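Understanding the architecture of this molecule
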Amino acid sequence: MSKHGICTAVLLGLIGAGATLAEPLQIAGAGATFPAPLYARWFSEYKKTHPSIEFVYQPIGSGAGSRKLAERVVFFSATDAPLSTEQLAVVKFPVFHLPTTMGAVVPVVNIPGFKGELRLSGAVLADIFQGRVASWDDPRIKASNPDTALPATRVTAVHRSDPSGTTFIFTEYLAKMSRTFASQSGSGLTVSWSGGVERSGSSALAHFVAEVPGAIGYVELTYALENKLSYASVQNAAGQYVKATFASIQEAGGESQENVPSDFRMSLTNAPGARSYPISSFTWLLVPEKPADKARGRALADFMRWALTSGQKYCSELGYAPLPEGLVALELAALKRLSP
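These numbers were taken from a predicted model, which means no experiment stands behind them.

A word on the overall build of the chain
A count of helical and extended segments in the chain gives 14 helices and eleven strands. Counting only C-alpha atoms and orienting by the principal axes, one finds that the chain spans roughly 90 × 45 × 35 Å. When each of the 340 residues of the chain is scored for burial, the buried share is 52%. At a minimum sequence separation of 6, the contacts of the chain that also span at least 24 residues come to 75%. For the chain, the accessible surface area stands at approximately 15300 Å², while carbon and sulfur atoms represent 54% of it. Positive and negative charge centroids in the chain, built from 30 and 27 side chains respectively, lie 4 Å apart.

Observations regarding the side chain of Thr79
Structurally, Thr79 is set in strand β3 (residues 76-79). Of the residues examined, Thr79 reaches a relative accessible area of 1% and is grouped as buried. Within the local environment of Thr79, its side chain forms a polar contact with the backbone oxygen of Ala81, the two atoms lying 2.7 Å apart.

Notes on the environment of Ser248
Along the polypeptide, Ser248 turns up in helix α11 (residues 246-255). The exposure class of Ser248 is buried, given its relative accessible area of 5%. Residues Ser248 and Glu325, 77 residues apart in the sequence, show an inter-C-alpha distance of 16 Å. Those residues in contact with Ser248, other than ones at most four positions away along the chain, are Val242, Lys243, Arg275, Ser276, Tyr277 and Ser280. A distance of 3.0 Å separates a polar side-chain atom of Ser248 from the backbone oxygen of Lys243. Polar side-chain contacts of Ser248 include one of 2.8 Å to the backbone nitrogen of Thr245.

Details of the nonpolar core
Core analysis: the largest hydrophobic core is formed by 94 residues, its most contacted members being Leu118, Ile128, Phe129, Ile216 and Phe303. Not counting chain neighbours up to four residues away, the residues in contact with Phe303 comprise Trp42, Phe43, Tyr46 and Phe55. By size, the runner-up hydrophobic cluster in this structure holds eight residues, among which are Leu69, Val74, Val91 and Val95.

Quick look at empty space enclosed by the protein
A complete count under the given rule lists two cavities of 30 Å³ or more for this structure. Computed from the structure, the largest cavity encloses a volume of approximately 40 Å³. Lining the largest cavity we find Pro82, Phe168, Ile169, Glu172, Met266, Ser267, Leu268, Thr269, Ser280, Ser281 and Trp284. Of all the secondary-structure elements, those providing two or more residues to the lining of the largest cavity are α7 (165-177) and β11 (280-288). Residue composition of the lining of the largest cavity, by class: six nonpolar, four polar and one charged. The space that makes up the second largest cavity amounts to roughly 30 Å³. Contributing to the lining of the second largest cavity are Phe34, Gly103, Ala104, Val105, Ile169, Glu220 and Ser281. Top element by residues in the lining of the second largest cavity is strand β4 (residues 95-109). It accounts for three residues. Counted by class, the lining of the second largest cavity contains four nonpolar, two polar and one charged residues.

Basis of the calculations
Residues numbered from 1 in each chain as written. Predicted model: local features only at pLDDT ≥ 70, side-chain atom pairs only at ≥ 80, totals over all residues. Heavy atoms only, no water. Helix = DSSP H or I, 4+ residues; strand = E, 2+ residues; numbered from the N terminus. Buried < 20%, exposed > 50% of the residue type's maximum accessible area, 1.4 Å probe, protein only. Contact = heavy atoms within 4.5 Å. Areas by Shrake-Rupley, 256 points an atom, 1.4 Å probe, with all protein chains shown as cover. Lys, Arg positive; Asp, Glu negative; His and termini not counted. Charge placed at Lys NZ, Arg CZ, Asp CG, Glu CD. Polar contact = N/O pair within 3.5 Å; in protein donor to acceptor, adjacent residues only side chain to side chain. Core = buried A, V, L, I, M, F, W, Y, C linked by side-chain atoms within 4.5 Å. 1 Å grid on protein atoms, 1.4 Å probe; cavity = no way out; pocket = protein on both sides within 12 Å on 5 of 7 lines; lining within 4 Å. Points joined across faces, edges and corners; volume = space filled by probe spheres on them. Nonpolar A, V, L, I, M, F, W, Y, C, P; charged D, E, K, R; others polar.

Here it is, written out as structure tokens:
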């Protein structure tokens, strides 16, 4: 071999060895689909300045992600529904609930010939999804829409069949608005619906609403905006009918800062405030409070500090609402327990 060839071989060997030594620390997570686009952007932006850290995230749903965390298959998970005390007991190790951003669930509708802004109260929404409203010209719907013409088209409600954080947020609100809904269906990732049509996933549900005259379903606001779906304004705790916007979601989050629990497991549905959208919610990362892998614990804590500060600027750009500053300050203080 020539001197040039030997030098080249040595150089390539050094590069190969360096590549092996420089392999990034991989941190695996799984869970909610709702915040997945934001998380993907965060992980990409963070790696530009932290090339030694690589996040791998599977958007497989809130329930599935929590199970993977409990089984220690992943280092963190993401959920649109905070874990109950019973679910936390199954995990068998202490976890943080860290709110990352805010979003909303909206009732999407297909009402033939209807123009304008449909307004629905929580009680009427609950009755619709319990099969107690037969047509769109029902007197209870007309009462909140007195100046608009509503057709006699049959109402067809469609709900998710798969475990869904979207379902949790929507049913939590309906259960607050209707004792009947609370007792017969309750709230959760899946519930016992009284009739209606079911579809698996937001895409299939949205397609059904778009194709079936008189249909009504529920999806995240970002999904409705991306797919140009019509959605209703909903009556809030102050009695006002409010359209879901980033501003009305932030209003709900701002009102929530008065009573933040130490574990951050809190609800935004039916938040106070005249301008608050009532079916708003946080989404959370679930991370081990005392990780056995200290290196990954420190890396994840550093990432969360970035996401809660510099990373919040990407929320509105991607269709999410940034967290209130007061809540961010509380989370940053809590992160010291994960990585001082």
